[in-house]
Amino acid sequence: MKTISVRIILFTVMCLVPFCSFSAVDDDMYDSELRMDNVFHDEARTYYHIIKDNEVEVVRCEAKNTVIPNMVYCKETNRNYQVTRIAYTPRVERFDDLEYHGQFGLDVQSITIPASVTDIDYGPFAPHDNYYEDMSFYPCSYYQLKNIYVAKDNPMFYDIDGVLYKKPGELFFVPCNKTKAGGSYTIDPSTQSLAPYAFCMSNISYLTIPEGEIATIPSYFIYENIGRGSFRRISIPRSVTLIQKDAFRLCYMASSGYGCEIVVDGSEKGIVIEDASLDCAESVTLGEGVNRVDDYMEFVSEISLPSTLTYLAFVESDESRPHGRQSLNACRRLTVSEDNPVYKSVDNVLFSKDGKTLLRYCGKREGREYEVPEGTVEIAAYAFFVARIEKLYIPSSVTIVKECGIIPYDDCMEPLNTIVCEATIPPTFLTEEIDDIYDYDSYKVSERLPRLTLYVPDESVDAYKSDDIWGKMQVKRMSEMTSSISVGIDSDTQQEKLFNLSGQRISVPSKGMNIVVYPDGTTVKTFNVE
């Protein structure tokens, strides 16, 4: 019985081995996955994968100037095959040994596609699939590729100056090394549409999309890996009306040290910008005509919003708001057109147009403390989620604080430790179960609250202590704040602040004793007889 079992196993294994062997290859770098996938190569070391009885697809090129034939002969099968498609290379190739990263295809400078090829995968000559998620996956890439030429009688594809197009006018793929590093590139004016992964691992730094028929920037239009991404400016014309989700993917990361500026000219037809389209940029300028942005702009340092923008998903959408809680995390400078009917920027803080709702504090706004302007009624959900401040002043006009509106999440930042609330009646917290607000990093708001010191009007201490959320903080009378009242210095305005003996901010001296705090931190008591 043992002998029979062994024979059955051997017979099964032999049946699984493909008929097209790889015996002609004596290079140890080619792994068994390729050998077991009906792959063979010609004398020019162009590799083909058998997909039908009489058809193959190209999966890798190695010759410096590769010319793909219409027909290719496989000696292992003694058959001729028609070359009908070009596969996205990493779909077949996977190399686990990082030592070999970059060894394949580096010398390829041009590829000529025959008339028989009528199907090509998106981004055929550069890595993109699962690259960022799986760093052990290093496919071969064509970093030196300058030109892709297409036979004139090809019914589906053509080239313009060595750039691959799909008929009737879709920009399909720009070779990685089309320009020198840091160079400029303007898409041909005849282009009608853009393909995903048109730019992968590109050397280009300055990209201009011309005015014309292009209406949509597709998902993954630009896809870069960390370290090679070099885009510094992307100019988008008025003809564009939609920028799809992840249109500019990984061409800039906040930690890379490279900044990309995205300039959207705007459109009379209106422009919608979907989620995760702008996070690659250091600077974003949105022109008139942009009316909706679903992107969170988490890594963007400078943002300029037009008058036509009436919808920011991270403040308007109940669905997007929790996921966009880190919006404007890297923002230092935020400007909004004075003609915008919905939003305004006050000292790099986003407000509703009427100034009654504080919507979002810019994460890298200068200053270790912030004073919410008098007249503000509501602090929106997650408004201070990315704030790097130590002290927060809330005026008496605030009556509503939405879910976690005043609590930054990251203890690694300059942590908020002091809140001064001048409202005699505790503002209402509109929130869910407080520890359900954050669903990651094991972050517990209830554990954070007891570490906060809250100064309130003397007569309101009991009301705050009995509140379900305010009461979890260390509630103190404002009169106790006078000994350390120098925390009231506003580093932005550099103006003195005035308090009464109860520790309440006042705009004009009251009769009797007053406390003045000067920009240098000096505290002086004064007496007013009027």
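Reading the values: rules and limits
- Residues numbered from 1 in each chain as written.
- Predicted model: local features only at pLDDT ≥ 70, side-chain atom pairs only at ≥ 80, totals over all residues.
- Heavy atoms only, no water.
- Helix = DSSP H or I, 4+ residues; strand = E, 2+ residues; numbered from the N terminus.
- Contact = heavy atoms within 4.5 Å.
- Areas by Shrake-Rupley, 256 points an atom, 1.4 Å probe, with all protein chains shown as cover.
- Salt bridge = Lys/Arg side-chain N within 4 Å of Asp/Glu carboxyl O.
- Buried < 20%, exposed > 50% of the residue type's maximum accessible area, 1.4 Å probe, protein only.
- Pairing = 2+ DSSP bridges.
- Phe/Tyr/Trp six-rings, centres within 6.5 Å; stacked < 30°, edge-to-face > 60°.
- Lys NZ or Arg CZ within 6 Å of the ring centre and 35° of its normal.
- pLDDT = per-residue confidence, 0-100.
- Disulfide = S-S within 2.5 Å.

When its secondary structure is counted, the protein chain shows 6 helices and 42 strands. If you take every contact in the protein chain between residues at least 6 apart in sequence, the share linking residues at least 24 apart comes to 54%. Of the roughly 23800 Å² of accessible surface on the protein chain, 48% is carried by carbon and sulfur atoms.

To continue, consider the pattern of salt bridges. Under the definition given, this model contains 12 salt bridges. Residue R292 pairs with D294 through a salt bridge whose shortest N-O separation is 3.0 Å. Ionic pairing is found between E378 and K402, a salt bridge with its closest N-O pair at 3.4 Å. Of this pair, E378 sits in strand β33 (residues 378–379) while K402 sits in strand β35 (residues 400–402), and the two are 24 residues apart along the sequence. Take E378: its relative accessible area is 18%, and that puts it in the buried class. Here the residues in one salt-bridge network are E57, R85, D119 and D121, joined through shared partners.

A few words now on the sheet that holds strand β23 (residues 271–273). Spatially, the 5 strands line up as an open sheet ordered β17-β20-β23-β25-β27, and their pairing is parallel. Edge strands, defined here as strands with exactly one partner in the open sheet, are β17 (216–217) and β27 (311–312). As paired strands, strand β20 (residues 242–243) and β23 are joined by 2 bridges and run parallel to one another. Pairing of L242 across the sheet is with V272, part of β23.

Turning our eyes to something else, we now look at the packing of aromatic side chains. Applying the stated criterion across every chain yields a total of 17 aromatic pairs. Through successive ring pairs, a cluster of aromatic residues spans Y185, F199, F221 and F231. The cationic tip of R60 hangs over the ring face of Y47; the distance from NZ or CZ to the ring centre is 4.1 Å.

Read from one edge to the other, the open sheet built from 4 strands follows the order β10-β11-β12-β14, with strand pairing classed as mixed. Each edge of the open sheet is held by one strand with a lone partner, namely β10 (157–160) and β14 (193–194). Across 4 bridges, the pairing between β10 and strand β11 (residues 163–166) is antiparallel. In the sheet register, F157 faces β11, and the bridge partner there is K166.

Of all residues in the protein chain, 72% have pLDDT values of 70 or greater, and the mean over the chain is 78. Across the protein chain, element-level confidence peaks in β10 with a mean pLDDT of 98 and bottoms out in helix α2 (residues 32–35) with 34. Every residue in residues 129–140 is under pLDDT 50, and counting partners more than four places away or in other chains gives 33 contacts. Throughout residues 483–493 the model reports pLDDT below 50, and contacts reaching past four residues in sequence, or to other chains, amount to 28 contacts.

Hairpin connection between β10 and β11: a loop of 2 residues separates the two successive antiparallel strands, and D161 in this loop has a positive phi of roughly 55°. Here 3 bridges tie β11 to strand β12 (residues 170–173), and the two strands are oriented antiparallel to one another. The partner of Y165 across the bridge, within β12, is L171. Counted between consecutive antiparallel strands, the loop separating β11 from β12 contains 3 residues.

For the rest of this paragraph, the subject is unusual backbone geometry. In this chain, K167 is followed by P168 through a cis amide linkage whose omega measures 10°. Note that P168 resides in the loop between β11 and β12. A positive phi angle is found at N78, which is not glycine, with a value near 55°. Within the secondary structure, N78 is located in the loop between β5 (71–74) and β6 (79–86). Of note in this structure, M297 is not a glycine but carries a positive phi near 50°. Note on placement: M297 falls in the loop between β25 (290–293) and β26 (302–305). By relative accessible area, which is 1% here, M297 ends up buried.

This brings us to the environment of P168. The class for P168 is exposed, based on a relative accessible area of 66%. Counting along the chain gives 10 residues from P168 to Y158, while the straight-line C-alpha distance between them is 9.2 Å. In this view, P168 contacts Y158 and Q192; residues no more than four positions away in its chain are not counted.

Simply put, disulfide is the name for a covalent bond between the sulfur atoms of two cysteines. This structure, assessed with the given rule, holds 0 disulfides. Free of any disulfide, C362 has its nearest cysteine sulfur in C331, 3.6 Å distant. You can call C362 buried: its relative accessible area is 0%.

Assignment of secondary structure puts L416 in the loop between β35 and β36 (418–421). The class of L416 is buried, set by a relative accessible area of 3%. Along the chain, L416 and A387 lie 29 residues apart, while their C-alpha atoms are 8.4 Å from each other. Excluding residues within four positions of it along the chain, L416 makes contact with I389, E390, K391, L392, I406, P408, R448 and L452.

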